[in-house]
2 protein chains.
Amino acid sequence: MSLEELQLKIKALEEELRQAKHGGAAPRQKITHMSGEVVDTNPYSRLMALKRMGIVEDYEKIRTHTVAVVGVGGVGSVTAEMLTRCGIGKLLLFDYDKVELANMNRLFFQPHQAGLSKVEAAANTLHFINPDVTFESHNYNITTVDNFDHFIDRIKCGSLTGGPVDLVLSCVDNYEARMAVNRACNELGQSWFESGVAENAVSGHIQFLIPGESACFDCAPPLVVASQIDERTLKREGVCAASLPTTMGIVAGLLVQNVLKFLLNFGEVSYYLGYNALLDFFPAMSVKPNPQCEDSWCRRRQAEYAAKKASEPKIEKQEVKEEEVVHEDNEWGICLVDEATPEEASSSACASVPSLVQGITVAYERPAPVDEATSKVVDDADDTSLDDLMAQMKAL
Amino acid sequence: MSLEELQLKIKALEEELRQAKHGGAAPRQKITHMSGEVVDTNPYSRLMALKRMGIVEDYEKIRTHTVAVVGVGGVGSVTAEMLTRCGIGKLLLFDYDKVELANMNRLFFQPHQAGLSKVEAAANTLHFINPDVTFESHNYNITTVDNFDHFIDRIKCGSLTGGPVDLVLSCVDNYEARMAVNRACNELGQSWFESGVAENAVSGHIQFLIPGESACFDCAPPLVVASQIDERTLKREGVCAASLPTTMGIVAGLLVQNVLKFLLNFGEVSYYLGYNALLDFFPAMSVKPNPQCEDSWCRRRQAEYAAKKASEPKIEKQEVKEEEVVHEDNEWGICLVDEATPEEASSSACASVPSLVQGITVAYERPAPVDEATSKVVDDADDTSLDDLMAQMKAL
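Heads up: these notes are all about the structure in this document. (Residues numbered from 1 in each chain as written. Chains lettered and ligands numbered in written order. Predicted model: local features only at pLDDT ≥ 70, side-chain atom pairs only at ≥ 80, totals over all residues. Heavy atoms only, no water.)

Our focus in this paragraph is the relation of the copies chain B and chain A. Between the two copies, chain B and chain A, the superposition gives an RMSD of 0.6 Å; the rotation angle is 180° and the shift along the axis is 0.3 Å. Taken together, the turn and the small shift mark the pair as related by a two-fold rotation axis. It is Ile250 of chain B whose C-alpha, among those of chain B, lies nearest the rotation axis, at 2.4 Å. Taken together, the interface assignments show that 100% of the residues at the interface of chain B recur at the interface of chain A, consistent with an identical surface on both copies. (Least-squares fit on C-alpha atoms with pLDDT ≥ 70 in both. Contact = heavy atoms within 4.5 Å.)

Following this line, the structure appears as structure tokens:
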């Protein structure tokens, strides 16, 4: 081959390489206007068909919405992919973890991404799947003081128009991060969804939290789906949790489906929906906020909500009820510490455990009040220590 | 640059290109032995943890299993990905469609795969995700005569050891293909799962079919999840169906979860599980086979099953029942055309409609018997014609 031919060959290889790095082709052009045209080249035709089917009135509205996904692991990555494929306006991604081969038993990440930060790897893949979505990614732990302030700022000002995001989705795997999201959302009056999967991989749940209106994450012990499995086999510090792509994909699907119902105003949004994989059982319920919640912002939001409710004209609820045939479990009927005074509430270690529908249980019971003089648990009926309870909480 | 340098550069580019085509890195080495070792580099650690958690007794057994996935679209591709990530032994993929940009509103396929055959694109991606799985793909329509014979042969002899596959999963989107799977499985006595998603994208179901033991697809009109949506808005020939990554991901997740429960012997396998996305409602039931089923292989399998049951020693069922607390709907109690003689059954157009649990409805009613002299429907109480019914069936 001549020098010239070799140089041409190099040019061709370089071009091929450039394309191969994006999966063999350049990313598609951005689409300015969502169309319902039924052609094979239109990535939105099957979504816009939701309008023709009478499900969604204004599907295009999804492009104006911003959602923050906190935790881009087994649930969060699939959540972000579903929203991206649905054509959400903007996604904020928060995580500080790296992709590992040990994550390959869940959907989304691929082996060649091992070693990359999860937010970076996710944003790259998602941008390639749908370049119409705006991505903002933050490779940090939201629970440290500085990062928490930055996180609050992005939730408050991170939307496409510089205002608050429409929803925060918690897809994290630990208690501290959930409490950080809870604190931020109570302070901002920001609606959010919590999601979780058990350490034994065979149950999970989603929960919708509207500050002041539904129970916050600090109002009651976290609700989890009851399993027939001995709880003592569950994860302890340092033990490898089990996970399945099925359970995580289903929880992500239920989460995003409810996000779509909320953003695009169709169907009924679930307040708490559990999934027991062993029995294919899906308990649903809703929980009122706890007037004695330890989070002062939660109590403030409750007062605001009560004032707002009091100022609204009364609506005859009976007529609406008659149409709700199927979903009786999901009524707004379960009350935490109902009618109790603060004294009554704090005098009983069990007062904050809500009445639960079949199939849902609390992750742990509140520690009994501590006698400050002796620093010992007063009501020590079972021999679970405060340390044990804290360890259980952390293991969630 | 010298000729030699240019040639070296070409070699380097070619190697880089080879790797880039697999996402920037070579596929990982095959893993001979599934280990539970908790290290970041072990793709099976979170699955093997199911043993430590007391969920699955012998997780490694999954490597001996073969599953056929018929239809590699919105549900089938995610189904195949989940099984691949779980480390299934072998997957057989059947589809004759090409990837289009119009599929990008569902999980799995990416824009650069547009134009490729679905089975080829899927097998490439899945092999890269988990090279331990064996893939066999068939790019054809199973409903033509020749292909149907080949399909039967692969179900019968396609396992890792040359025997029948362990399960067939139907993830197709039309009536003819479902009937072909049904016919093949009845003939072979092959257990299979059916799955489906409504044309309005907001409901779906899975169904477990054991020839002779549970209703086959021809025993009764297909059961679908009731929607509050006007049925007349549903797909007609040529109309673009709506779809959502959420609903399809959830149906795939429920399907594969039940496949895992069946193959690895944990939890309870659901016979029929529906999903109503608008209400987050999940009706479950089971349906006995129809003694007057039009499929002669189904009737033969029923006779075999009855004979097998009659020869078994009676087990006190009461004791087992007492442990089944939660899932009352999923009892083996709903009977098709119970105790009816063939004459009675065929004399009533409604006789083959099973008693259904709340939330499930039949996709259509069997056409009323036709008076051969006039070729008109005898009982024409409503004005739905036979043609309309056939069109409805096809639109499923």
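Attention now goes to the packing of aromatic side chains. Here the structure, examined in full by the defined rule, presents 17 aromatic pairs over all chains. Residues Phe94 of chain B and Phe151 of chain B carry aromatic rings whose centres are separated by 5.0 Å and whose planes lie at 85° to one another, so their mutual orientation is edge-to-face. With Phe94 of chain B in strand S2 (residues 90–94) and Phe151 of chain B in helix H5 (residues 145–157), this residue pair connects regions lying 57 residues apart in the sequence. With respect to burial, Phe94 of chain B and Phe151 of chain B carry one shared label: buried. Linked through ring pairs, Phe193, Phe208, Phe262 and Tyr271 of chain A together constitute an aromatic cluster. The cationic tip of Arg183 of chain A hangs over the ring face of Phe148 of chain A; the distance from NZ or CZ to the ring centre is 5.4 Å. Over the face of the ring belonging to Trp297 of chain A we find Arg300 of chain A, whose NZ or CZ atom lies 4.0 Å from the ring centre. (Phe/Tyr/Trp six-rings, centres within 6.5 Å; stacked < 30°, edge-to-face > 60°. Helix = DSSP H or I, 4+ residues; strand = E, 2+ residues; numbered from the N terminus. Buried < 20%, exposed > 50% of the residue type's maximum accessible area, 1.4 Å probe, protein only. Lys NZ or Arg CZ within 6 Å of the ring centre and 35° of its normal.)

All right, on to the side chain of Lys118 of chain A then. Counting through the fold element by element, Lys118 of chain A comes out in helix H4 (residues 118–129). Beyond its immediate stretch of four places on either side in the chain, Lys118 of chain A contacts Val72, Gly73, Asp95, Asp97, Lys98, Val99, Asn103 and Phe109 of chain A.

With that settled, the discussion passes to the packing of helix H6 (residues 175–188) of chain A against helix H8 (residues 296–311) of chain A. Residues and elements named next belong to chain A. It is the contact of H6 with H8, at a shortest axis distance of 8 Å, that shows an interaxial angle of 35°. Crossing of H6 over H8 shows left-handed handedness. Contacts from Asn186, Glu187 and Leu188 in H6 reach Trp297, Cys298 and Arg301 in H8. Grouping the constituent residues of the contact of H6 with H8 by class yields three nonpolar, one polar and two charged. (Axes fitted to C-alpha atoms, helices over the stretch in contact; angles between N-to-C directions. Left-handed = near helix turned anticlockwise from the far one by under 90°. Nonpolar A, V, L, I, M, F, W, Y, C, P; charged D, E, K, R; others polar.)

Contacts between the two partners involve 93 residues from chain B and, on the opposite side, 94 residues from chain A. Of all residues in chain B, Arg46, Met53 and Arg85 of chain B give up the largest surface area on contact with chain A, accounting jointly for 10% of the area buried on that side. On inspection of chain B and its partner chain A, the count reaches two salt bridges. The salt bridge involving Lys261 of chain B is made with Asp280 of chain A; its shortest N-O contact spans 3.5 Å. Where chain B touches chain A, the interface holds 31 residue pairs in polar contact (both at pLDDT 80 or more). Of all the secondary-structure elements, those providing two or more residues to the side of chain B that touches chain A are helix H1 (3–20), helix H2 (45–52), helix H3 (76–85), helix H4 (118–129), helix H7 (245–264) and strand S8 (272–276) of chain B. Sorting elements by how many residues they give to the side of chain B that touches chain A places H7 of chain B first, with twelve residues. Tallied by class, the residues present in the side of chain B that touches chain A amount to 52 nonpolar, 25 polar and 16 charged. (Buried area = accessible area lost by both parts, 1.4 Å probe. Salt bridge = Lys/Arg side-chain N within 4 Å of Asp/Glu carboxyl O. Polar contact = N/O pair within 3.5 Å; in protein donor to acceptor, adjacent residues only side chain to side chain.)

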